[in-house]
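Structure assessment
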Amino acid sequence: MSAAPAHTPRPRPAVTEREAREVAEAAREQNWRKPSFAKELFLGRFRLDLIHPHPVPADADTRRGEEFLAALRDFCETRIDAARIEREAKIPDETIRGLKELGALGMKIDTKYGGLGLTQVYYNKALALVGSANAAVGALLSAHQSIGVPQPLKLFGTQEQKDRFLPRCARTDISAFLLTEPDVGSDPARLATAAVPEGDDYVLDGVKLWTTNGVVADLLVVMARVPKSEGHPGGITAFVVEADAAGVTVENRNAFMGLRGLENGVTRFHQVRVPAANRIGPEGAGLKIALTTLNTGRLSLPAMCVGAGKWCLKIAREWSGVREQWGRPVALHEAVGAKISFIAATTFALEAVVDLSSQMADEDRNDIRIEAALAKLYGSEMAWLMADELVQIRGGRGFETAESLTARGERGIPAEQLLRDLRINRIFEGSTEIMHLLIAREAVDAHLSVAGDLIDPDKSLSDKAKAGAHAGVFYAKWLPKLVAGPGQLPTSYGEFKRATDLSPHLRYVERAARRLARSTFYGMSRWQGRMETKQGFLGRVVDIGAELFAMSAACVRAEHLRAAGESGTEAYQLADAFCRQARVRAEELFGRLWTNTDDVDRAVVKGVLAGSYAWLEHGIVDPSAAGEWIADATPGPSKRDNVRRPVD
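Residues numbered from 1 in each chain as written. Predicted model: local features only at pLDDT ≥ 70, side-chain atom pairs only at ≥ 80, totals over all residues. Heavy atoms only, no water.

Attention now goes to the overall build of the protein chain. For the protein chain, the count of helices and strands is 23 helices and 10 strands. By the compact-globule yardstick of 26 Å for 648 residues, the protein chain fits well, its C-alpha radius of gyration being 26 Å. Here the C-alpha coordinates of the protein chain stretch approximately 75 × 75 × 65 Å along the principal axes. Looking at the 648 residues of the protein chain, the share that counts as buried comes to 52%. Long-range contacts, defined here as pairs at least 24 residues apart, represent 77% of the contacts in the protein chain between residues at least 6 apart. Accessible surface, the protein chain: about 29400 Å² in total, of which carbon and sulfur atoms supply 55%. Taking the 83 positively charged and 84 negatively charged side chains of the protein chain as two groups, their mean positions are separated by 4 Å. (Helix = DSSP H or I, 4+ residues; strand = E, 2+ residues; numbered from the N terminus. Rg over C-alpha atoms; globule rule 2.2 N^0.38 Å. Buried < 20%, exposed > 50% of the residue type's maximum accessible area, 1.4 Å probe, protein only. Contact = heavy atoms within 4.5 Å. Areas by Shrake-Rupley, 256 points an atom, 1.4 Å probe, with all protein chains shown as cover. Lys, Arg positive; Asp, Glu negative; His and termini not counted. Charge placed at Lys NZ, Arg CZ, Asp CG, Glu CD.)

Pasting the structure below:
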């Protein structure tokens, strides 16, 4: 007789598709109290006035930021051994201690708590710099400040919490953010980690997966579900937890295809007592806190993508000038030159998107939730493409490791490592697919606000009638404005007409924004309540919006640099090249809105899941190791050694 299992796995929360959507919708910030350039763009309104002239930081912020960047550059050049981190798959303790001494843990923390008080602009420039030295070090600093303890406390913490925790985060303590579980990713409605009220404490039980910084963290932000009870409204709630508290066990340090120095683990909580004073915000506000934190926190990832693009450009330029084929440098062969042009133009545009979004975040005049999400989506996708093109430009040397190149006497260019390191960015902090849905939800918010009841099957006929009347008034005013605009006038945006003329590109953006809004309306009219299932259509709508946003940012940045006397001619050339490339991509996406293989793909997927094509899998062996698809996360005491590695 086989042995009985040690425990019976606890069932996951049973959540329907509708309930999951309701949880996500409740966590979403509902109101738009400030203008949003990207929101207006999706509605067919090209509000150039919201981003042009390009906003600029205050002189004092610039001085403080540049001083820190100079110190950080010296640190990166002399005290970050990227080859060692890759070889040992660990950031050395002395490197982490050096970052603490430099104040890098407190870049975004106010000076009154011992931080550096950098702006979002200079925080992102710092991440781009340190990420170019080593992506794992950049990830450590980003996870600590962008989504770890400092940012949610800054936005939602009490004064007592700020006084207690922020000085620690600024200089000595590393923090981590714990939301994901072995069976819970982008669907937090199924979150199973529990926080049960008990006197003045909450008792935490559960398992968290992919806890970036979790292995070395001193403080954790943990999302857990509080059950409803008398005096407790319950819901997903955020807590600050001491990493060395009794019952907290780091059970595994995870290893990945890239970011080998990443201190990412599996953390188990067993009967962990957390004071109620450590709860961030009210019960049930955890997801709203997480999403609001990410509104600007997402900018850190595309900032590091900018750094990656700059390095790709540097290596492509240097290598392609010395490597000759058929009597001339490979850069002068059109097939290679097109790749270099793509890298240069895209890096310029990505930096324009990140700097513009960051400065708008600093000024707090605009709502940038869509801009930040677009920056994350676009940056992660384009950086991956740039790294892939660099590997192709380098040829066999691009596939060879830096260590191997060095061993045989050549310059150790870690191009293949960059490709591996960047791949996670299309998954981190919201996968590309989830970002498409998140941005699409915001893009169609105005439509759902006026016509949502019309397509809701649970609404009564009277509710639908009221919604129909409301929608009729809205669309009677809105649709006629999508017919014509400044983009059809050859003199529009004349201030962008220099030796290189960017005004045609801005006219294109204005016309394309109206076209995109019309397409979105047609889609809603066609599919109504099924619109949310048309993820291919929605993804293309978002991707078009991303291209238009990047074109706008690139043109505005070029004019800003020209006016400031900083390589304006060259900036105009790069903006022009990028816009021409982006327009080709946008036109292809417009065509694929209505001419695509979505229906065929759905049919094939059903066949795959039904086993209809299982015969196609014959003739192979599967080298996968035995084990469960999803590890058991039943609460209980840990049976494994604690691999937590605090750095003093």
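Here the narrative resumes.
This part covers the environment of Gly619. Within the secondary structure, Gly619 sits in the segment after helix 23 (598-610). Separated by 205 residues in sequence, Gly619 and Pro414 have C-alpha atoms that sit 36 Å apart.

Before going further, it helps to spend a moment on helix 6 (residues 120-133). Its 14 residues place the ends of helix 6 20 Å apart at the C-alpha level, agreeing with the 20 Å of an ideal helix rising 1.5 Å per residue. For helix 6, the buried fraction is high: 11 of the 14 residues fall into the buried class. (Expected span 1.5 Å × (residues − 1).)

Of all 8 residues in strand 5 (residues 235-242), 6 are buried; the element is thus mostly enclosed. In the sheet, strand 4 (residues 219-226) pairs with strand 5 via 8 bridges, with the strands oriented antiparallel. Directly across from Val226, in strand 5, lies its bridge partner Gly235. Here strand 5 runs beside strand 8 (residues 279-280); their pairing, made up of 2 bridges, is antiparallel. Looking at the pairing, Phe239 lines up with Arg279 of strand 8. (Pairing = 2+ DSSP bridges.)

This paragraph deals with the pattern of salt bridges. A complete count under the given rule lists 45 salt bridges for this structure. Among the salt bridges present, the one from Arg45 reaches Glu40, with a minimum N-O distance of 2.6 Å. Taking the relative accessible area as the measure of exposure, Arg45 reaches 34% and is therefore partly exposed. A salt bridge links Glu400 to Arg408; its shortest N-O distance comes to 2.8 Å. On the basis of relative accessibility, which here comes to 17%, the residue Glu400 falls in the buried class. Arg408 sits in the partly exposed class, given a relative accessible area of 42%. Through salt bridges with shared partners, a single ionic network connects Lys125, Lys310, Glu351, Asp355 and Arg557. (Salt bridge = Lys/Arg side-chain N within 4 Å of Asp/Glu carboxyl O.)

Within the secondary structure, Glu400 is located in the loop between helix 14 (396-399) and helix 15 (402-407). A distance of 2.7 Å separates the side chain of Glu400 from the side chain of Ser404, its partner in a polar contact. Ignoring anything within four residues of it in the chain, the contact list for Glu400 reads Leu405, Arg408, Ile413 and Glu416. (Polar contact = N/O pair within 3.5 Å; in protein donor to acceptor, adjacent residues only side chain to side chain.)

For the structure shown, the criterion picks out 13 aromatic pairs. Summarising the aromatic geometry, the rings of Phe474 and Tyr475 are spaced 5.0 Å apart at their centres and angled 75° between planes, so their arrangement reads as edge-to-face. Residue class for Phe474 comes out partly exposed when judged on its relative accessible area of 23%. When the centroid spacing of 5.9 Å and the interplanar angle of 20° are considered together, the rings of Phe474 and Trp478 count as stacked. Separated by 4 residues within a single helix, Phe474 and Trp478 lie in helix 19 (residues 461-478), roughly one turn from each other. Through a chain of ring-to-ring contacts, the aromatic side chains of Phe474, Tyr475, Trp478, Phe521 and Tyr522 assemble into a single cluster. Arg394 extends its terminal NZ or CZ atom over the ring of Trp319, reaching a point 4.7 Å from the ring centre. (Phe/Tyr/Trp six-rings, centres within 6.5 Å; stacked < 30°, edge-to-face > 60°. Lys NZ or Arg CZ within 6 Å of the ring centre and 35° of its normal.)

Below, the discussion takes up the nonpolar core. Within the largest apolar cluster, 96 residues are counted, with the highest numbers of intra-cluster contacts made by Leu374 and Phe578. The leading source of residues in this core is helix 21 (residues 535-563), at 16 residues. In this structure, Phe578 is in contact with Ala345, Thr346, Ala349, Tyr378, Glu547, Ala550, Met551, Ala554 and Arg585, ignoring residues within four places of it in sequence. Grouped together as the second largest cluster of nonpolar side chains are 30 residues, Leu72, Tyr122, Ala136 and Ile174 included. (Core = buried A, V, L, I, M, F, W, Y, C linked by side-chain atoms within 4.5 Å.)

Turning to the confidence of the model for the protein chain, a few remarks are in order. For the protein chain, the average pLDDT comes to 92, and 94% of its residues sit at 70 or higher. Scored below 50 in pLDDT, residues 1-10 shows 9 contacts in the model against residues more than four places distant or in partner chains. (pLDDT = per-residue confidence, 0-100.)

Before going further, it helps to spend a moment on the pairing of strand 2 (residues 194-198). Here 5 bridges tie strand 2 to strand 3 (residues 201-212), and the two strands are oriented antiparallel to one another. Bridged to Ala195 within strand 3 is Leu204. With antiparallel pairing between neighbouring strands as the criterion, strand 2 and strand 3 make up a hairpin whose turn holds 2 residues, including Gly199 at a positive phi of roughly 65°.

Here we come to unusual backbone geometry. Glycine aside, the phi torsion of most residues is negative, and most peptide linkages are trans. Cis geometry marks the peptide bond from His52 to Pro53; its omega dihedral reads 0°. In this structure, Pro53 sits in the loop between helix 2 (37-42) and helix 3 (59-79). Positive phi values are uncommon outside glycine, yet Gln271 reaches one of about 55°. In this structure Gln271 comes out as partly exposed when scored by relative accessible area, which is 47%. We note that Asp364 has phi near 60°; this positive angle belongs to a residue other than glycine. In this structure, Asp364 sits in the loop between helix 12 (334-363) and helix 13 (369-394).

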